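This is what each chain is made of:
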Amino acid sequence: AHDFRVPFTNNLAENDIRMVKLQQKISGSRRTNQGASSYLRVRSYISTARKNGLDAIEALTQLALSDPWLPDPTPS
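Residues numbered from 1 in each chain as written. Predicted model: local features only at pLDDT ≥ 70, side-chain atom pairs only at ≥ 80, totals over all residues. Heavy atoms only, no water.

Chemist: Where do I start with helix 3 (residues 56–64) in this structure?
Modeler: Each full turn of the α-helix corresponds to 3.6 residues, which orients residues three or four apart in the same direction. Turning to helix 3, its buried residues number three or more, namely Ala56, Ala59 and Gln62. All buried residues of helix 3 fall inside an arc of 130° around its axis, so they share one side. Projecting away from the buried face of helix 3 at angles above 90 degrees are the exposed residues Ile57 and Ala64. Against helix 2 (33–51) lie the buried residues of helix 3. Two or three places before isoleucine 57, at the start of helix 3, stands the capping residue aspartate 55, its side-chain oxygen 3.3 Å from that residue's backbone nitrogen. At the exit of helix 3 stands serine 66, carrying a positive phi of roughly 60°. (Buried < 20%, exposed > 50% of the residue type's maximum accessible area, 1.4 Å probe, protein only. Helix = DSSP H or I, 4+ residues; strand = E, 2+ residues; numbered from the N terminus. Arc of directions from axis to C-beta. Contact = heavy atoms within 4.5 Å. Polar contact = N/O pair within 3.5 Å; in protein donor to acceptor, adjacent residues only side chain to side chain.)

Have a look at this one:
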């Protein structure tokens, strides 16, 4: 509890799901399966970009400019 560089939790998958469930609780539900699929696709892209050290806005900007950021296929 002395090294603040260590994240509070190491369960990144749980954190990703928590935001989706919170948004679902606020909005009530998804209107269509396609809408839910689109929302989750964008959330997944942003989450992966953040986990790789890229700013979410920068990743979405590159995507909108038809130059999408893609994670390195070889793990470090």
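Chemist: Could you clarify how one ought to interpret the packing of helix 2 against helix 3 in this entry?
Modeler: Packing of helix 2 against helix 3 brings their axes to within 9 Å, and their N-to-C directions diverge by 125°. Classified by the interaxial angle, the pair formed by helix 2 and helix 3 is oblique. Crossing of helix 2 over helix 3 shows right-handed handedness. Residue-level contacts link Val42, Tyr45, Ile46, Ala49 and Arg50 of helix 2 to Ala56, Ala59, Leu60 and Leu63 of helix 3. (Axes fitted to C-alpha atoms, helices over the stretch in contact; angles between N-to-C directions. Parallel < 35°, antiparallel > 145°, perpendicular 65-115°, else oblique. Left-handed = near helix turned anticlockwise from the far one by under 90°.)

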